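# Examining the three-dimensional arrangement
So you can see what is in the structure, the chains are spelled out below.
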Amino acid sequence: MKRRLSMLFLISLLAFAFIVAGCSSGTSTNVSSPSGGQEDNSQEQSGEATAGLPKQMTWSTYDVGSSGYADIAAVANALTSTYGTQIRLLPSGTGVGRMMPLKDGTASFGRLGDESYFAFEGEYEFGAPGWGPQDMRIVWPVKTFLGLAVRADSDIQTPADLKGKKVPWVTANPSIYKKVEAALAFAGLTWDDVQRVDVPSYAAQADALKNGQIDAAFMINTAAAMYEVDSSVGIRWIDMPASDTEGWQRFQAVTPWVTPGQDSRGAGLKEGETKDFMSYVYPMAAYASVDADTVYELVKAIVETYDQYKDATPALVDWAEDNIELMPAGVPYHEGLVRYLKEKGLWTDEAEAKNNELIERSKKLKEAWEEFVNQAQGIGEQEFADKWLEWKQQHVQ
């Protein structure tokens, strides 16, 4: 009976998501800079809805069927119901696919994964001609938790116990394998210390763990697939405590946008049990050029409609104002968000200093990219990306 109700709920949620995706449309214009970034991203609007929001907006997001899509569809529906603003969702299963509508001005906002950081730094797909460092900003910093899960009968008790074990390399997913690399660094290990096992997708880790093909999985603690593994073979989460400052220094040398975090939700956790996870921002994001007043009004609207969407998916509790990440890490916060946080008394001198440091880094990245492009004519795409990373390491501190 429970399975049937869950299936009906899922069907209803997906049907609702499709309706939101096609209910409206938005258009926008931009002028690309020589570095491939944006100098203007002012989406064309026909007036304003209530609360100062545009009448139409377009958001890029993860593909239909993902938890990210379900989250953002619920938020969009709440804004449409309350303020009348029409929101079109552009789903994509890749980081470039989610970034492109922002870059070309088709969308003004995106619910992005780590591509917000990779685009900001000009890494991976964004270290290619036509891209380079993008002047990204965080609009709403939703915290997400990721953990190191092992089977209940595993002898792995700490990250250091991964030495010699079978560790997943998720194909074409730098968001995950960089975090795995960082978790190994936490324990003073590298890929050379473990058995690398290629896994075709993020979700495929769950079955691989259950079947013993890998000894650990790096997944969101509330992922449905992990509940299935727990019900089948049982799982445990390996703590990565914030008190291990040296471990976290090594971790953040690899992924500076990831921080320690605690959560009591997730597969394999008993009621009242809390674990030390990796915490990172799975944000709403935009280019710095998006109008600050629009960002400010959007942030207010997200907060004011929270009660309407908070129960639509299990993850939406993390959209609450009290649960967001207040300290910038990896990508600066948009000035419209900073204005809102200051008004609420949530902004600190430490956050201001860190934000200014990241904004200054964006300028250095842009300058380094332009210098590199000017002297990198005629080299192949792969060589281009490798040479750019070398150049960035030498010229951006």
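Everything quoted here is computed from the prediction, not taken from an experiment.

## Here we look at the pairing of strand 7 (residues 143-151)
Most of strand 7 is tucked away: seven of the nine residues are buried. By the bridge criterion, four bridges tie strand 7 to strand 13 (residues 275-281) in an arrangement that is antiparallel. Among the inter-strand pairings, lysine 143 is bridged to a residue of strand 13, identified as valine 281. Looking at chain direction, strand 7 and strand 10 (residues 217-220) are connected through four bridges and run antiparallel. Residue pairing for strand 10: glycine 147 is matched across the bridge by methionine 219. As paired elements, strand 7 and strand 11 (residues 235-238) share four bridges and run antiparallel to each other. Bridge pairing in strand 11 links leucine 148 to isoleucine 238.

## What to know about the packing of helix 12 (residues 349-375) against helix 13 (residues 381-395)
Axis separation between helix 12 and helix 13 bottoms out at 10 Å; the angle between their running directions is 135 degrees. Taken together, the axes of helix 12 and helix 13 lie oblique to each other. Considering only the axes of helix 12 and helix 13, their crossing is right-handed. Note on element contacts: helix 13 touches helix 12 through Phe384, Lys387, Trp388, Trp391, Lys392 and His395, opposite Leu365, Ala368, Trp369, Glu371, Phe372, Val373 and Gln375. The class makeup of the residues in the contact of helix 12 with helix 13 is eight nonpolar, two polar and three charged.

## A look at the nonpolar core
With 95 residues, the main nonpolar core has Trp59, Phe109, Met136, Leu298 and Trp319 as its most contacted residues. No other element matches the nine residues that helix 2 (residues 67-83) contributes to this core. Each residue touching methionine 136, except ones within four places of it in the same chain, is listed here: Met99, Leu102, Leu112, Ser116, Ala119, Phe120, Ala285, Ala286, Tyr287, Val331 and Pro332.

## A word on the packing of helix 2 against helix 9 (residues 292-304)
Two elements in contact, helix 2 and helix 9, have axes separated by 10 Å at closest approach and are oriented at 95 degrees. Viewed along their axes, helix 2 and helix 9 adopt a mutual orientation that is roughly perpendicular. Residues Val75, Leu79 and Tyr83 of helix 2 pack against Leu298, Ala301, Ile302 and Glu304 of helix 9. Among the residues making up the contact of helix 2 with helix 9, the classes are represented as six nonpolar, no polar and one charged.

Rules and cut-offs
- Residues numbered from 1 in each chain as written.
- Predicted model: local features only at pLDDT ≥ 70, side-chain atom pairs only at ≥ 80, totals over all residues.
- Heavy atoms only, no water.
- Buried < 20%, exposed > 50% of the residue type's maximum accessible area, 1.4 Å probe, protein only.
- Helix = DSSP H or I, 4+ residues; strand = E, 2+ residues; numbered from the N terminus.
- Pairing = 2+ DSSP bridges.
- Axes fitted to C-alpha atoms, helices over the stretch in contact; angles between N-to-C directions.
- Parallel < 35°, antiparallel > 145°, perpendicular 65-115°, else oblique.
- Left-handed = near helix turned anticlockwise from the far one by under 90°.
- Contact = heavy atoms within 4.5 Å.
- Nonpolar A, V, L, I, M, F, W, Y, C, P; charged D, E, K, R; others polar.
- Core = buried A, V, L, I, M, F, W, Y, C linked by side-chain atoms within 4.5 Å.

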